[in-house]
Amino acid sequence: MSVLSGRIHSLIVRFLGYRAMCRTLLLGSILFGAALLSAQAQAQEAARAEQIIKRAVEALGGQNFLNVRSITSRGRYTQYQDGKPTVPVAFVDYLVYPDRERTEFRASEGRIIQTNVGKTGWVYDGAARTLRDMKPDQIADFQRAMRTSYDNVTRGWWRAEGARLSYVGRREAGVARRNEVVRLDYSDGFSVEFEFDARTGLPAKAIYKRRNDKGEESTEEDRFLRFLDVNGVMFPFVVDHYRDGVQTSRVNYDEVEFNRPIPDALFARPADARSVK
């Protein structure tokens, strides 16, 4: 009887082990299937987002747009307080892709120059006659602006940072209007959504989160308006910025010129304030 009991016990142990193995295999199959479906869904989302970006590039001018290497522009910058505009300030902007920009503001108090070159920069204050390096938060603002520019998503600069592209869906954009939405997610936790007009394919908005010095989070939004054809390239002559649904600034462009030669000296930091030109 003891031998029989031992054999029965052995069979029971084997049966239980077999059931456990089956459960493990089944669970593994389910997890593998779920991972496979998830990977397929992500691939489909990325493919859909790529199609939207490709359409946007064509809407912006196709190869003419992609051939733009620099932009020289003039216009007016207006800050808003409590949702109301203040006095506009004239500006001249020199932009060389991908990461060099010099903006000259000509206010009544004097000229202000802000210059960024990659992760460095300098500021000249004509009223105070001072020249200094940009502060870390100003550099961070420029880096963020590069990520949230529609040039980033349409020209593919985000790939160098290893960001992940996905399709969000369609979003209401007014009466009988919809925007296609794609998102870029970066490894450092930053993400930005780009909306494209479903009818025209042109960029409509860039939306992202930002924290101030106090750790308070706000929703930032750039709206691209009044696209005009400049030598075969569509360019937004009005860019509005909103914070938590309240307008904080507007950029009005008066003149835009592409691929005009811009000397490197414009971006070089002068030796001192007296050397600024």
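From a predicted model like this one, the values you see are computed outputs, not experimental measurements.

**What about the nonpolar core?**
Inference 1: In this structure, Ile71, Leu184, Phe194, Tyr253 and Phe258 are the most contacted members of the largest nonpolar core, which totals 40 residues.
Inference 2: Here this core takes six residues from helix H1 (residues 2-60), the largest share from any one element.
Inference 3: In contact with leucine 184, not counting residues within four places along its chain, are Asn152, Val153, Trp158, Arg164, Leu165, Phe190, Ser191, Val192 and Phe194.

**Structural notes on the side chain of threonine 103**
Inference 1: Secondary-structure assignment places threonine 103 in strand E4 (residues 100-107).
Inference 2: Only 2.4 Å separates the side chain of threonine 103 from the side chain of aspartate 93, close enough to count as a polar contact.

**Description of the packing of aromatic side chains**
Inference 1: Applying the stated criterion to the full structure yields nine aromatic pairs.
Inference 2: Taking 6.0 Å as the distance between ring centres and 65 degrees as the angle between the ring planes, the aromatic pair formed by tyrosine 77 and phenylalanine 105 counts as edge-to-face. Taken together, the residues span a long stretch of sequence, with tyrosine 77 in strand E1 (residues 70-81) and phenylalanine 105 in strand E4 at a distance of 28 residues.
Inference 3: Considering the side-chain rings of tyrosine 186 and phenylalanine 190, the 6.2 Å spacing of their centres and the 50 degrees angle between planes classify their relative orientation as tilted. Comparing tyrosine 186 with phenylalanine 190, the two get one shared label, buried.
Inference 4: Connected via pairs of aromatic rings, a cluster forms that spans Phe91, Phe235, Phe237, Tyr253 and Phe258.
Inference 5: Above the ring of tyrosine 167, the side-chain terminus of arginine 48 is found at 5.3 Å from the ring centroid.
Inference 6: The aromatic ring of phenylalanine 65 is capped on one face by arginine 155, whose charged end is 4.1 Å from the ring centroid.

**Overview of helix H3 (residues 136-148)**
Inference 1: For H3, spanning 13 residues, the distance from its first C-alpha to its last is 18 Å, which sits close to the expected 18 Å at 1.5 Å a residue.
Inference 2: Taken as a whole, H3 has its buried residues at Ile139, Phe142, Arg144, Arg147 and Thr148.

**What about the pairing of strand E3 (residues 89-96)?**
A regular strand places its side chains on the two faces of the sheet in alternate fashion.
Inference 1: Summarising burial for E3: six of the eight residues are buried, a large majority.
Inference 2: Bridging between E3 and E4 involves seven bridges; their strand directions are antiparallel. The residue bridging aspartate 93 from the neighbouring strand is threonine 103, located in E4.
Inference 3: Hairpin connection from E3 to E4: three residues lie between these consecutive antiparallel strands.

**Some words on the pattern of salt bridges**
Inference 1: Applying the stated rule across the entire model yields 27 salt bridges.
Inference 2: Its salt-bridge partner being glutamate 220, residue arginine 243 comes within 2.7 Å of it at the nearest N-O pair. You can see arginine 243 sitting in strand E13 (residues 233-243) and its partner glutamate 220 sitting in strand E12 (residues 217-230), a full 23 residues away along the chain.
Inference 3: Bridged by salt links that share partners, the residues Arg164, Arg171, Arg183, Asp185, Glu193 and Glu195 form one connected network.

Cut-off values and rules
Residues numbered from 1 in each chain as written. Predicted model: local features only at pLDDT ≥ 70, side-chain atom pairs only at ≥ 80, totals over all residues. Heavy atoms only, no water. Core = buried A, V, L, I, M, F, W, Y, C linked by side-chain atoms within 4.5 Å. Buried < 20%, exposed > 50% of the residue type's maximum accessible area, 1.4 Å probe, protein only. Helix = DSSP H or I, 4+ residues; strand = E, 2+ residues; numbered from the N terminus. Contact = heavy atoms within 4.5 Å. Polar contact = N/O pair within 3.5 Å; in protein donor to acceptor, adjacent residues only side chain to side chain. Phe/Tyr/Trp six-rings, centres within 6.5 Å; stacked < 30°, edge-to-face > 60°. Lys NZ or Arg CZ within 6 Å of the ring centre and 35° of its normal. Expected span 1.5 Å × (residues − 1). Pairing = 2+ DSSP bridges. Salt bridge = Lys/Arg side-chain N within 4 Å of Asp/Glu carboxyl O.

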